[in-house]
Amino acid sequence: MPLVSTNRLHKFFGKNHVLRGIKLDVEEGEVVTIVGRSGSGKSTLLRTLNGLESIDDGIIEVDGAKLEVDCADAASLRALRLKVGMVFQQFNLFPHLSAGQNVMLAPQVVKGTAKSETEDIARRMLERVGLAEKFDAFPDQLSGGQQQRVAVARAIVNDPVIILGDEPTGNLDSRTAEEIMALFQDLNSAGKTVILVTHEQDIAEHCKRIIRFRDGHIISDEKVASPADARQILAKMPAGDEMVTHV
Amino acid sequence: MAYQFDFTFIPDYAGMLAQGVAYTVGLTVVGGTLGIGIGIGGAISRLWNVRPFGELYRYYVELFRNTPFLVQLFLIFFGLPSLGIKLEAWQAAILAMVLNLGAYSTEIIRAGLQATPRGQLEAADSLAFTRWQIFLHVMLRPALRKVWPALSSQVVITMLGSSVCSQISTEELTFVANFIQSRNFRAFETYFLTTGMYFALALLIRQTMHLIGRYLIVRRPSR
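The text that follows walks through the structure, step by step, so that each part is easy to find. Bear in mind the structure is a predicted one, so any value in this text is a computation, not a measurement. (Residues numbered from 1 in each chain as written. Chains lettered and ligands numbered in written order. Predicted model: local features only at pLDDT ≥ 70, side-chain atom pairs only at ≥ 80, totals over all residues. Heavy atoms only, no water.)

### Focus on the pattern of salt bridges
Residues and elements named next belong to chain A. Within this structure, the stated rule accounts for 19 salt bridges over all chains. Residues E30 and K223 are paired through a salt bridge, measuring 2.8 Å at the closest nitrogen-oxygen approach. Taken together, the residues span a long stretch of sequence, with E30 in the loop between strand 2 (16–26) and strand 3 (31–35) and K223 in strand 10 (residues 217–223) at a distance of 193 residues. In this structure, R175 engages E179 in a salt bridge whose closest nitrogen and oxygen atoms are separated by 4.0 Å. Placement of both R175 and E179 in helix 6 (residues 174–189) is noted, with a separation of four residues, approximately one turn of the helix. Residue classification places R175 among the exposed positions, given a relative accessible area of 65%. (Salt bridge = Lys/Arg side-chain N within 4 Å of Asp/Glu carboxyl O. Helix = DSSP H or I, 4+ residues; strand = E, 2+ residues; numbered from the N terminus. Buried < 20%, exposed > 50% of the residue type's maximum accessible area, 1.4 Å probe, protein only.)

Structure, rendered in structure tokens:
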């Protein structure tokens, strides 16, 4: 049984039909990259997977947590979101909280874990992303790469089964982007399933499966055996869907 | 100029002036605290359009921001008894100040809350926070931090506006000043002194608000 499953997923923004009956299954342990031109619906699909965008038709299921168009209540959303960690392009850290507090907040507030315990968890999470010494630093005292590492630590603190990344390296230089990708691969090695949306070829090359998106449809879905294989798949992309490569 | 300045009356009325200052400070502290509380409630209600409070707050804010404070005070003190609600002068003064500051602070705090970057709200959503948890842990402190200078100024304006409460015999600083000058006929000296006292009070309140803001809102570990 797939870990993530969507069926006949539809999404409209006004008259714009952004997702057109998406059917997607993702197995546990996969690293999936979704590529496609701007406006193709790839980010919207990702955002529906943790309820940041509502759906107009269809069903989403993540590790048993279901979200349907006619029963997207608060309890279903919460159940789904506890299964899914999300990393954003702009990091979206809470600026009034230190790195440690950013990571501590979710378990403390959402799960009601005691402060002393969440502090231990947060220290472990920050250590895992290589920022143990930045526990007390505030977001504006961190570099872009460091902020994204904190964002990753925050996303995994509730122990989700799947990590979503919406252009997670889009605001980073190529070296830092590689470091963040290495982090996603570490998480994958530790058993987390990863789905990334990206414009960057170097990032797409790290995955095990590439899904190409166009006009709200999945136009191809291929397994990747090696980075060379990924490059070959990406080279076949139609004009207008080309990826950005770092020099 | 033949006029001889004479401030020798000050020691005779020092106790009375101190009482007037204490009354003004008391009105400001109670009015400011409750007014900001009402402002936070109003900002939430208007931001989320909580029924029926969102709509009620809209009319309340418009009413109190578009009418003079003196008229609001008279309506409460002289008007409400006609409806069977009779308040003491100090009660009417506090109620008028709370309602007046509440209306202004509703809009000030709402502006701060609305300035929360969408990305931070989405991050909190994605972590399964409830709407109330998002408000409390993600929106409120940064919002207050953004609008604290404006809110501080509004509290100072409210303190200065409390002088109007002397019109209903609230024994605050201006009431005391009026009383003193009616006895010594030293209008310039009395009001010059009162002006200085209001100025000092305004600086004190501004500084206090600054310290409260630093402690409650901008607190960061020192490094």
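Having put the structure on the table, let's press on.
### A word on the environment of B:R206
Residues and elements named next belong to chain B. Relative to the helices and strands, R206 resides in helix 8 (residues 187–216). Residue class for R206 comes out partly exposed when judged on its relative accessible area of 40%. Contacts of R206, omitting those with residues within four sequence positions, involve S153 and V156. (Contact = heavy atoms within 4.5 Å.)

### Topic: the packing of helix 1 (residues 10–48) of chain B against helix 6 (residues 131–161) of chain B
Residue and element names in this part refer to chain B. Contact geometry of helix 1 with helix 6 gives a least axis separation of 10 Å together with a crossing angle of 140 degrees. Relative to helix 6, the element helix 1 lies oblique. Note on packing geometry: the crossing formed by helix 1 with helix 6 is right-handed. From helix 1, T24, T28, I36, I40, I44, L47 and W48 reach across to helix 6, where they touch R131, W132, F135, M139, L151, V155 and M159. Across the contact of helix 1 with helix 6, the residue classes tally to eleven nonpolar, two polar and one charged. (Axes fitted to C-alpha atoms, helices over the stretch in contact; angles between N-to-C directions. Parallel < 35°, antiparallel > 145°, perpendicular 65-115°, else oblique. Left-handed = near helix turned anticlockwise from the far one by under 90°. Nonpolar A, V, L, I, M, F, W, Y, C, P; charged D, E, K, R; others polar.)

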